[in-house]
Structure formats: C-alpha cells, structure tokens
Amino acid sequence: MIHFPQLVGTACEIYLTTELVSLAASDASVNDLLAFVKEFELDANAQDLATGQTALRAAARTGKLDKVVEILALGADMADVDLDGRCALWWACAEGHANVLALLLDLDPAAVSGRDDGGTSCVSLAVRRGHEGVIVVLCDRATSTGAASGIELARAMLAQICEADAVEAALCGHLELLAAVRRYLDDRCGTSPAEVCP
C-alpha cells in the first residue's frame, strides 16, 4: 500500500533532482547551485529519472568547469554512469570540453581508457566529432604518464582508433585529424597503427 506522504515525498525528490541537473547545465551561478543543494539537502549523485543525468554529468556535458569542481567537492562520483554507460569524462569528450576533461583526468588518469555501453571510447569519440582540443589533452595525458605506462596507454589509444573511426571520420571530414592522431601516438610509442589496428 502506498501512503500519500510517501508519494508526495518521492514526487518532490524527482522534481528537485531534475531541477538540480538543470541548474548544473544552466548559466546559473555556482552559488545558486550550492544554495539549492544545501537548502534541500540533495545527494550530489542523484539521477534525473527522465534523462539519467546527474548534476556532474550535466555540468561536464555543458562545459561548466566551475560547477564540475563544486559538484565533485559535494561528493559526486565521477565514475558514475548514465543509462548508456557514459560518465562525466565521456560527456566532456563528446561535447568538446577540453578544460573539463583535463580536470577529470587529473583526478583519475585511468578514466581515459573507459568506454560506454556501446563500446565507444573517449579518444574514438573525439576523433569522430573532430574535437581537436580534447584530442590534444587525451594524447598529452596518454604519453606523459610515465615511460612504460604512457607508452602502454598510447598503444591502447591507437588500438581504439580503428576501422569504424576511419569511416566515421571520413564521413564527417575529420580524416586528416585521425591521421594526425595516429602519427602522433605512433611517434610517441613506437608502434605502427597497423600493428594494433589491422
């Protein structure tokens, strides 16, 4: 049996979460966002039921670096994923927000190798969408994490940029960008793209 007060409480929680996600993605100030969270004692990891978004993913998707910083300070889990397996870092890559990506990689360098439920990696997505700034950050992080680990990460990134990306990049006019990424990573890790991406 559902009690009316429980139903109202659940409806309020759904509404407040939707508003929190909207505030995170909007041009509202960071102070407005923080005041809203404090006033209603909201969980930083609450998901909007309609979109599967959290405040962190919404801020990362829209490039709101100041809000990303504050939402993380509230305890948001940057590894938390939406209904399609996409985390905040994936959304920053998808929308071309290199500054947000750099911050998230500072907090979790290993997140660069993540994929969504469809198997799309961050580097693959950035190449397909032509986000040069994101690609620079990804390549820089892959090759500067230390000798052995940087080379392994660069090789893993080369392996992620394969056939589907070449087709998509050609269709979107980003084939030169794809070739430049492959050359850069090849130069840094000494592996031919043909060795890792037949």
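Up top is the structure these notes are about.
What comes next is a walk through the structure. For every chain, the first residue of its written sequence is number 1, and the numbers climb from 1 along that sequence. Where totals are concerned, whole chains, interfaces and linings use all residues; where local detail is concerned, this predicted model gives features only for residues with pLDDT of at least 70, and gives and counts side-chain atom pairs only at 80 or more. Calculated side-chain values reflect all of the structure's heavy atoms, with hydrogen atoms and water omitted.

1. Some points on the pattern of salt bridges
Argument step 1. Take a side-chain nitrogen of Lys or Arg and a carboxyl oxygen of Asp or Glu: if they are within 4 Å of each other, that pair is a salt bridge. Enumeration over the complete set of coordinates arrives at five salt bridges.
Argument step 2. K64 is paired through a salt bridge with D27; the nearest N and O atoms lie 2.8 Å apart. Note that K64 is positioned in the loop between α3 (55–61) and α4 (65–73) and D27 in the loop between α1 (4–25) and α2 (30–40), a separation of 37 residues in sequence.
Argument step 3. Burial classes: relative accessible area under 20% of the type maximum marks a residue as buried, over 50% as exposed, and values in between as partly exposed (1.4 Å probe, protein chains only). K64 gets classed as buried once you look at its relative accessible area, which sits at 18%.
Argument step 4. Residue D27 is classed as exposed on the basis of its relative accessible area of 74%.
Argument step 5. Taking the shortest distance from any N to any O, the salt bridge between D84 and R86 comes out at 3.9 Å. Helix numbering and strand numbering both begin at the N terminus, where a helix is a DSSP run of H or I of at least 4 residues and a strand a DSSP run of E of at least 2.

2. Overview of the packing of α4 against helix α6 (residues 98–107)
How two helices sit against one another is set out by the angle between their axes and by the gap between those axes.
Argument step 1. Only the stretch in contact is used when a helix axis is fitted, and all axes are lines through C-alpha atoms; the angle between N-to-C directions ranges over 0 to 180 degrees. Where α4 contacts α6, the two axes come as close as 9 Å, and the packing angle between them is 25 degrees. In this view, α4 runs roughly parallel relative to α6, as classed from their interaxial angle. Once α4 is placed against α6, the crossing between them reads as right-handed. Facing L65, V68, V69 and L72 of α4, the residues of α6 in contact are N99, V100, L103, L104 and L107.
Argument step 2. Here the contact of α4 with α6 is built from residues that sort into eight nonpolar, one polar and no charged. Relative orientations are named as follows: roughly parallel for angles under 35 degrees, roughly antiparallel for angles over 145 degrees, roughly perpendicular for angles from 65 to 115 degrees, and oblique for any other angle. Should the near helix be turned anticlockwise from the far one by less than a right angle, the crossing is termed left-handed; should it be turned clockwise, right-handed. When checking whether two residues touch, look at their non-hydrogen atoms; a contact exists if any pair is within 4.5 Å. In this count, Pro and Cys sit with the nonpolar residues alongside Ala, Val, Leu, Ile, Met, Phe, Trp and Tyr, while Asp, Glu, Lys and Arg are called charged and the others, Gly among them, polar.

3. Things to note about the packing of aromatic side chains
Argument step 1. Each pair of aromatic rings taken from Phe, Tyr and Trp, with Trp reduced to its six-membered ring, is defined by centres within 6.5 Å and is described as stacked if the planes are under 30 degrees apart, edge-to-face if over 60, and tilted in the remaining cases. For the structure on display, the rule yields two aromatic pairs.
Argument step 2. Judged by centre distance (5.3 Å) and plane angle (80 degrees), the ring pair of W90 and W91 falls under edge-to-face.
Argument step 3. According to the relative accessible area criterion, W90 is buried, its value standing at 4%.
Argument step 4. For W91, a relative accessible area of 13% gives the class buried.

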